[in-house]
Amino acid sequence: MKTSTFALLLALLLCHADSSSAQRRSGNGRSMGPRQPGLFGRVIDAAQGGAIEYANVILFSSSDSTQIAGAVSNPQGRFMLTGIKPGSYYVEIRFMGYRTRTISDIEFQGGQRGVRLGQIKLEPTAINLESVDVVAEKASVSYQIDKKVINVSQQFTAVSGSAVEVLENVPSITVDIEGNVELRGSSNFTVLIDGRPSVLESNEALEQIPASTIENVEIITNPSAKFDPDGTSGIINIITKKGKLRGRSGVMNMNAGFDDKHGGDMLLNFRNGWYNAHFGLDYNKRFFPGEGREEKQTTTANGASFIFSNGDNRRGRTSYGLRGGIDFSVSAKDNIAVGLRYGNRSMARDAFLDFDEWSDSSPEHQLSTSESSMDRGGEFFAGNLDFRHRFGKKGHELVGRLIASRRDGEESTLDALLDANTITTEGRLTTEDGPSTRFRTKLDYTRPFAGNSKFEAGYQGRYRRSEDITTLSEYNPAAAAYERLSEFDNTTKYDRDIHAAYAMYAGEKGSFGYQLGLRGEVTDRTVASVSLAADTTVERWDYFPTVHGSYKLPSGQQFMASYSRRIQRPRGWYLEPFETWMDAYNVRVGNAGLLPEYIDSFELGSQTAFGSNLLSAELYYRITDNKVERVRSVYADNITLHSTENVGTDYALGGEMMLNMDLLPAWNLNYMANLYNYRVEGILDGRDFSRDSFNWSLRLNNSFRLTQSTKLQINGSYNSPTVSSQGRREGFFTANLALRQEFLQRRLSATLQLRDVLATSKFEFTSEGADFLSYARFTRDSPIVMLNLSYNINNYRPERRRERGDGGDDEDEEF
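Quick caveat: nothing in here was measured; it's all calculated off a predicted structure. (Residues numbered from 1 in each chain as written. Predicted model: local features only at pLDDT ≥ 70, side-chain atom pairs only at ≥ 80, totals over all residues. Heavy atoms only, no water.)

Colleague: I'd like a description of the nonpolar core, backed by residues and values.
Modeller: One finds Leu 167, Ile 173, Val 181, Leu 206, Val 217, Ile 219 and Ile 236 to be the most contacted residues of the largest nonpolar core, which totals 26 residues. For this core, the elements supplying multiple residues, two or more each, are helix 2 (163-167), strand 12 (173-175), strand 13 (181-183), strand 14 (190-193), helix 3 (202-208), strand 16 (214-220) and strand 17 (235-240). Counting residues per element, this core draws most heavily on helix 2, at 4 residues. (Core = buried A, V, L, I, M, F, W, Y, C linked by side-chain atoms within 4.5 Å. Buried < 20%, exposed > 50% of the residue type's maximum accessible area, 1.4 Å probe, protein only. Helix = DSSP H or I, 4+ residues; strand = E, 2+ residues; numbered from the N terminus.)

The structure is reproduced here in structure tokens:
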């Protein structure tokens, strides 16, 4: 019934689009052209032929060089200036990383319909260094109206790592020492890979993708209604490399470093006139040794208990993957694309700790040693089938997509306490197997109108079936074995279906551009567990409006404003209504009654180009209702209970700035800053915990070209302290260095990386409640040294065409 309702709504929207279009057509069926005299053209890359989006087009009077009008090129590189009075003019076309192009002797006469400049080719900027011509490269970070685009090829301090290491030097992103990613202070965001949802959890997906296979990373903090609304802080879209050359081409990478780090990947591309196919594989092993220290105090009716621990730890992952795809033309108007992705990942954490335990009632110190290990991983698979049909008018199209995916989740945690003779005295072994299957259908319709306006509408269905099976075993010293406790066995089943429909309309009124959108979703969710007396069900309608606007000044400067409403659904293990022992001193329990977070996000931004430099600034305000946090309480003496609660509401008000400039012909500087006030308000355990902090982060990237074939990159970042409902995380600083040397006419390159050069990265957190106080500090062995070798096959070059996400979401562990 609900599916039929959405299908009817979509049909009505499409009928409205056709009727509106019919009213806008002239008698001969062609769209009416602009009524005012105009200047038209298309900006393209002279070397590669691709469209250049967001090029600044500025019109000047020939008599006194007064600025008359300005525009910014659209995704197809096209621009239009209207309302031009009769006279003589010249125009300048500018874009960062390209030579400014000037076209003179443009004449407008009375009654003239317009002037068409045709294709305008911009040449990449060239600098002269030691009498050698060196072609400038794309900016490391570029800002567009609705997103930030990070050119990963310029981030070679992270070339041997994963997407997580790449994001360490990206605006809006914070990455802690354990690889946990936050987007504008929130760990709840959506991950897409080439615009498609990841089958893995957000952080897992980012760790799985080798940096050397990534072309661009897109940060979308206020998506339109076309995108899934999941994710508190927005979307991270990973665009992988695809070759642009005809025939066969490819690239191979190998890397190795100290402390059990090595890997490699390969990408082959086959392109012909009517098809494009690619195949890639990768293997990576990364382990990071370090040290940790924890201090905990708990208070019960028996008085205070204390436990201190310190020792060595080792965490890391091993992964491999295969990916391939082909897209081909069925006819001049129809395209089909098929993609497959398979992989296996294994994440591990080992710790060897010395414990010192005492209490008010037993003041004698009890010394012991702990050995613990955690392993989580399994196989995953995803496949997609895409279809695109183009109607007669350019931009008028229908796009369909089917995605099927499955992942296996196998996790085990072992924790053992040893006496002075290294004999095991007690221990716990927990296991969790969680296979999950997902299926997605998607249909998008786009209808352009006259005057750069268009209507979009679509339907989407998401279906998930998953199961978690958990067990607990305890060590029996007499039998010297772990024995399963069947009373703690649990099986939990999650079923969730989401049906959605959206509609958007975009247009322009002079210098003002706008986009209005509305998305409706209905969610059916059931959680069934032997620990629940009855199934927990949710049937909920949600609505998500979006508004985007822009205003262009005659100088070419542009202001953007936007609003979106979003949702963050609880992850699956947040809902598990039973106890799971994490180790001997920590136990976790879920909350089946957890509510989703609702987010209202506002943004205002501007960007200014001066010469080859770019200055961008954004203001943002975000409100999160039903704020979800992991909270702590006392389970027993020296044992902490971890649960999940809706703690209240939080607010983030701040601004971001990015400056990209060439200080010298061979020195590019990229400076990024994010400053915001964070406030969280609510009641926990019957008392008000409200608190706030002023948070800020700075990033400074320096790129030097020492010779034609030698590059040096130095970057540093600082992240300030921040607070949560029960604690405070301290700030930390990181500095990285990389040297790249190219050989064999740039077919072979070697990159030496030193990460965390000053060994200043750390994770330091203090948590406090009515009956507990805890402090934890973790560091890793640094610096991290890696060597990467990259070889281009047949002069491989990544495709630079603009990729757009399809509005998918990372639905892992969200309900």
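Let's pick the thread back up.
Colleague: Provide a residue-level description of the sheet that holds strand 7 (residues 114-122), including the pertinent values.
Modeller: Overall, mixed pairing links the 3 strands, which are arranged 4-1-7 in an open sheet. Among the strands making up the open sheet, the edge pair consists of strand 4 (78-82) and strand 7. Ignoring which end each strand starts from, the neighbouring axes of this sheet average 15° apart. Two strands pair when backbone bridges link them, and strand 1 (residues 38-45) and strand 4 are joined in this way by 5 bridges, in the antiparallel orientation. Pairing of Gly 38 across the sheet is with Thr 82, part of strand 4. (Pairing = 2+ DSSP bridges. Axes fitted to C-alpha atoms, helices over the stretch in contact; angles between N-to-C directions.)

Colleague: Now, about the pattern of salt bridges: what can you tell me, with residues and values included?
Modeller: Summed over the entire model, instances satisfying the criterion amount to 38 salt bridges. The residue Asp 444 makes a salt bridge to Lys 442 at a minimum N-O spacing of 3.1 Å. Take Asp 444 and Lys 442: they sit in the same class, and that class is buried. In this structure, Arg 519 engages Glu 521 in a salt bridge whose closest nitrogen and oxygen atoms are separated by 3.0 Å. (Salt bridge = Lys/Arg side-chain N within 4 Å of Asp/Glu carboxyl O.)

Colleague: Break down the packing of aromatic side chains for me, citing the residues and quoting the values.
Modeller: Throughout the structure, instances matching the rule amount to 20 aromatic pairs. Summarising the aromatic geometry, the rings of Phe 391 and Tyr 445 are spaced 6.4 Å apart at their centres and angled 70° between planes, so their arrangement reads as edge-to-face. Of this pair, Phe 391 sits in the loop between strand 23 (366-390) and strand 24 (397-407) while Tyr 445 sits in strand 27 (residues 436-448), placing them 54 residues apart in sequence. Between the aromatic rings of Tyr 620 and Tyr 676, the centroid separation amounts to 6.4 Å while the plane-to-plane angle is 50°, which identifies the pairing as tilted. Of this pair, Tyr 620 sits in strand 37 (residues 613-636) while Tyr 676 sits in strand 39 (residues 667-684), and the two are 56 residues apart along the sequence. For the pair Tyr 620 and Tyr 676, a shared accessibility class is recorded, and that class is buried. Three or more aromatic residues joined by ring pairs form one cluster here, namely Phe 449, Tyr 505, Phe 512 and Tyr 514. (Phe/Tyr/Trp six-rings, centres within 6.5 Å; stacked < 30°, edge-to-face > 60°.)

Colleague: Could you give an account of the sheet that holds strand 5 (residues 87-94), naming the residues involved and the relevant values?
Modeller: The strand order 3-2-5-6 describes an open sheet built from 4 strands, whose pairing is antiparallel. Each edge of the open sheet carries a strand with a single partner, namely strand 3 (67-72) and strand 6 (101-108). Across the sheet, the axes of successive neighbouring strands diverge by a mean angle of 20°, strand direction being ignored. Pairing of strand 2 (residues 56-61) with strand 3, which is carried by 5 bridges, proceeds in the antiparallel orientation. Across the sheet, the residue bridging to Val 57 is Ala 71, located in strand 3.

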